[in-house]
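# Summary of the model geometry
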Amino acid sequence: MTLSAALRFFSARSILLCVPLLSGCRNEVAVAPPTFAATWQLTWSDEFSGADGSPVDPKKWSVMKSGNGFGNNELEYYTERPENVRQEGGNLVLEARQEAYTGPDGVSRNYTSGRMESQGKFDQLYGRFEARMKLPYGKGIWPAFWMLGNNIAQGWPQSGEIDILETIGDHQRIYGTLHGPGYSGSNGLKGITDLPTGQAVDTAFHVYAVEWSPNQIKFFVDDTLYATHTPKDLPAGTTWVYDHNFFVLFDFAVGGDWPGNPDSSTIFPQQMLVDYVRVYTHL
């Protein structure tokens, strides 16, 4: 997520999907993903099917507790409270709320939200990483589904960052971005697309994915390819750093340098809903 990462740290081939004609169904019918079943194998996933109000699986996720602005002048305080991070209705809910909150570190913010990551619990080199999500929308709203290199302790952006999905502010544009040494922040390698006319990020669920292989990363929305990056796209003298394991993150930021801050038109609370996250390896 642009400059934020520098401060953010200091099998089965069949999967479970819902058949839409079955009222109220979720995760009830075992089917293989139709477009890539023959070439991909599921290696890790979370279907977020826990009881309503329950926390996320601690074997898979660590939940952030901090409000330091994350290098972007963000306004939220990330908490692990169920008000901000929970499972509900078969989804992960990251909820941003407008409320005065002071964390245990003494930092006070006027918004709270949620962020979680699989660092130290799951990471992978190459594969297909996807999540089915319904996103929040409005001025100052900034949800993200992304990955960081598992060598982040050695520094960012040297570790590499793959932003599978970001949306900002009060428009429907979708961004997929790579950040590395010499091409980070506003100079990241961006792919940009819009949903087809009549569709929106906040009115329905969509699948956001990357397919990552040696020397190539492809970005998809609903299995439509909209951007491909390779080492040939890098600025002269820079290095392709996507050759080691990366871990997965979800967050819902409020405000910041890129989206701008909420205004009187922004509605709170808002929710980022994740139906599932699934990671595959190529057979």
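Look above for the structure.
Below or above, wherever it landed, is the structure these notes cover. The model shown is predicted, which means the values in this text are computed figures rather than measured ones.

### Some details on the pattern of salt bridges
Tallied over the full model, the rule gives 13 salt bridges. Among the ionic pairs, E211 bridges to R128, the shortest N-O distance being 2.7 Å. Here E211, found in strand 15 (residues 206-213), pairs with R128, found in strand 10 (residues 127-134); they are 83 residues apart in sequence, far enough to count as distant. Linking R173 and D194 is a salt bridge whose minimum nitrogen-to-oxygen distance equals 3.0 Å. With R173 in strand 13 (residues 173-179) and D194 in strand 14 (residues 189-194), this pair connects stretches of sequence that are 21 residues apart. Residues participating in the shared-partner salt-bridge network are R81, R86, E88, E95, R97 and E99.

### Section: the sheet that holds strand 12 (residues 161-166)
Read from one edge of the open sheet, seven strands run 4-9-18-11-12-13-14, paired in antiparallel fashion. Two strands in the sheet have a free side with no partner beyond their single neighbour: strand 4 (62-63) and strand 14. Two elements, strand 9 (residues 115-117) and strand 18 (residues 246-254), share three bridges in a ladder whose sense is antiparallel. If you follow E117 over to strand 18, its bridge partner there is L249.

### Quick notes on unusual backbone geometry
With an omega of 10°, the peptide bond running from W156 to P157 counts as cis. Tracing the chain through its elements places P157 in the loop between strand 11 (141-149) and strand 12. Of the consecutive residues F268 and P269, the connecting peptide bond is found in the cis state with omega at -5°. Tracing the backbone through its elements, the reader meets P269 in the loop between strand 18 and strand 19 (270-282). The phi torsion at N215 lies on the positive side, around 65°, for a residue other than glycine.

How each quantity is defined
Residues numbered from 1 in each chain as written. Predicted model: local features only at pLDDT ≥ 70, side-chain atom pairs only at ≥ 80, totals over all residues. Heavy atoms only, no water. Salt bridge = Lys/Arg side-chain N within 4 Å of Asp/Glu carboxyl O. Helix = DSSP H or I, 4+ residues; strand = E, 2+ residues; numbered from the N terminus. Pairing = 2+ DSSP bridges.

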